[in-house]
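Analysis of the macromolecular model
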Amino acid sequence: MIIRNMEAADCRGILELASGWWGSEYSSDMFSKWYIAHFRETCLLAEENGRMIGFVMGFLSQTYPDEAYIRIVMVDPAYRGKGIGRALYHAFFERALAMKRSVIRCVTAPWKKESIAFHTRLGFILEPQDQEVDGIPVCMDYDGRGGSRVVFKKLLHAE
Ligand SMILES: CC(C)(COP(=O)(O)OP(=O)(O)OC[C@H]1O[C@@H](n2cnc3c(N)ncnc32)[C@H](O)[C@@H]1OP(=O)(O)O)[C@@H](O)C(=O)NCCC(=O)NCCS
């Protein structure tokens with residue numbers, strides 16, 4: 001398995017695979033050549049024998065100069081539980097640290113228990129919120145469009 005930066009030419013493949021990997025329709029402005037072109041350093045692809053098996057996409061915060069934000073991670077269902085998601089995150093962490101970002105943020109939907117388990121295993125904390133759902137802190141209307149999210153944070157330390 002190798003992990004490399006995405007290229008604009010990877011866009012079509014990601015568009016074709018994302019909804020199947022997500023388990024339902026998943027569309028996003030991120031899956032576009034322009035996003036990859038402008039955020040290439042924080043968009044990473046895992047490949048095995050030239051086949052795409054996972055990806056992570058994020059960006060460096062302009063507002064908070066010590067922060068990077070992971071927007072989405074997906075691994076081919078056939079390759080889950082083999083450390084690919086962990087490897088993608090670690091590659092993202094490495095690049096973030098190299099660009100002087102020591103705080104990583106990301107979010108997930110409160111009902112995505114597997115994602116909460118994954119992020120917890122990767123050392124993220126669940127940021128405290130005013131409200132809890134089933135004992136899990138949830139930020140209500142996180143996105144300003146009615147979407148509630150569990151908010152994760154991880155501090156990186158240079159080795
Ligand atoms: C979440 C996802 C990226 C995990 O990828 P993965 O390659 O299977 O994860 P890894 O094998 O690297 O697992 C890393 C750690 O998380 C844990 N983990 C991963 N999936 C888990 C699950 N479904 N339930 C419980 N723990 C899980 C693993 O046990 C592992 O911990 P350990 O190494 O300490 O034992 C993958 O399941 C996926 O693509 N899901 C659909 C998309 C999604 O939900 N993305 C996250 C929201 S943005």
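Residues numbered from 1 in each chain as written. Predicted model: local features only at pLDDT ≥ 70, side-chain atom pairs only at ≥ 80, totals over all residues. Heavy atoms only, no water.

In this structure, the largest pocket encloses a volume near 1100 Å³. Looking at the lining of the largest pocket, the element that brings in the most residues is strand β4 (residues 67-75), giving seven residues. Residues of the lining of the largest pocket, tallied by class, amount to 19 nonpolar, eight polar and 10 charged. When we break the lining of the largest pocket down by domain, the ones giving at least three residues each are domain 1 (1-58 + 72-101) and domain 2 (103-159). Around the second largest pocket, the lining comprises 13 residues; the ones closest to its centre are S61, Y64, E67, Y69 and R105. Elements supplying a minimum of two residues to the lining of the second largest pocket: β4 and β5 (103-108). By residue class, the composition of the lining of the second largest pocket is eight nonpolar, three polar and two charged. (1 Å grid on protein atoms, 1.4 Å probe; cavity = no way out; pocket = protein on both sides within 12 Å on 5 of 7 lines; lining within 4 Å. Points joined across faces, edges and corners; volume = space filled by probe spheres on them. Helix = DSSP H or I, 4+ residues; strand = E, 2+ residues; numbered from the N terminus. Nonpolar A, V, L, I, M, F, W, Y, C, P; charged D, E, K, R; others polar. Domains from an automatic or database assignment.)

By the definition in use, this model includes zero disulfides. The closest cysteine sulfur to the non-disulfide-bonded C106 is located on C139, 14 Å from its own sulfur. A relative accessible area of 1% means that C106 is categorised as buried. (Disulfide = S-S within 2.5 Å. Buried < 20%, exposed > 50% of the residue type's maximum accessible area, 1.4 Å probe, protein only.)

Here we take up the site of the ligand. Surrounding the ligand, one finds 20 residues, the nearest of these being V75, G81, G85, R86 and R121. Contact distances for the ligand include 3.1 Å between an oxygen atom and a side-chain N or O atom of K112. Protein coverage of the free-state accessible area of the ligand, which is 910 Å², stands at 75%. A majority-of-atoms criterion places the ligand in the largest pocket. Every element with two or more residues in the shell around the ligand is listed here: β4, α3 (84-98) and α4 (113-121). (Near = heavy atom within 4 Å. Polar contact = N/O pair within 3.5 Å; in protein donor to acceptor, adjacent residues only side chain to side chain. Areas by Shrake-Rupley, 256 points an atom, 1.4 Å probe, with all protein chains shown as cover. Sits in = over half its atoms within 2 Å of the grid points.)

Moving on: unusual backbone geometry. A positive phi angle, near 50°, is found at N49, a position not held by glycine. Along the chain, the position of N49 falls in the loop between β2 (43-48) and β3 (51-60). Given a relative accessible area of 82%, N49 falls into the exposed group. At D134, a position not held by glycine, the phi torsion is positive, near 50°.

According to UniProt, the feature "domain: N-acetyltransferase" (unreviewed entry) maps to residues 1-145 in the numbering used here. Regarding residues 1-145, the helix share stands at 29% and the strand share at 30%, and the terminal C-alpha atoms are separated by 38 Å. (UniProt positions renumbered as here; feature names shortened; annotations may be inferred.)

Here the focus is the sheet that holds strand β6 (residues 125-126). Read from one edge of the open sheet, seven strands run β1-β2-β3-β4-β5-β9-β6, paired in mixed fashion. Of all strands in the sheet, those with a lone pairing partner are β1 (2-5) and β6, marking the two edges. Of the pairings in the sheet, the one linking β4 to β5 comprises three bridges and is parallel in character. In the strand pairing of β5, Y69 is matched with R105. Docked against the sheet, helix α1 (residues 11-22) engages β2, β3 and β4, running at close to 95° with respect to β3. Where α3 meets the sheet, its contacts fall on β1, β2, β3, β4, β5 and β9 (150-155), and the angle it forms with β4 comes to roughly 160°. (Pairing = 2+ DSSP bridges. Contact = heavy atoms within 4.5 Å. Axes fitted to C-alpha atoms, helices over the stretch in contact; angles between N-to-C directions.)

Counted by the stated rule, this structure contains 13 aromatic pairs. Each ring, one from W21 and one from F55, has its centre 5.9 Å from the other, and the planes form 25°; the classification is stacked. You can see W21 sitting in helix α1 and its partner F55 sitting in strand β3, a full 34 residues away along the chain. Classification of W21 by relative accessible area gives buried; the value is 7%. Classification of F55 as buried rests on a relative accessible area of 0%. Ring geometry for Y89 versus F93: centroids 5.9 Å apart, planes at 70°, classification edge-to-face. (Phe/Tyr/Trp six-rings, centres within 6.5 Å; stacked < 30°, edge-to-face > 60°.)

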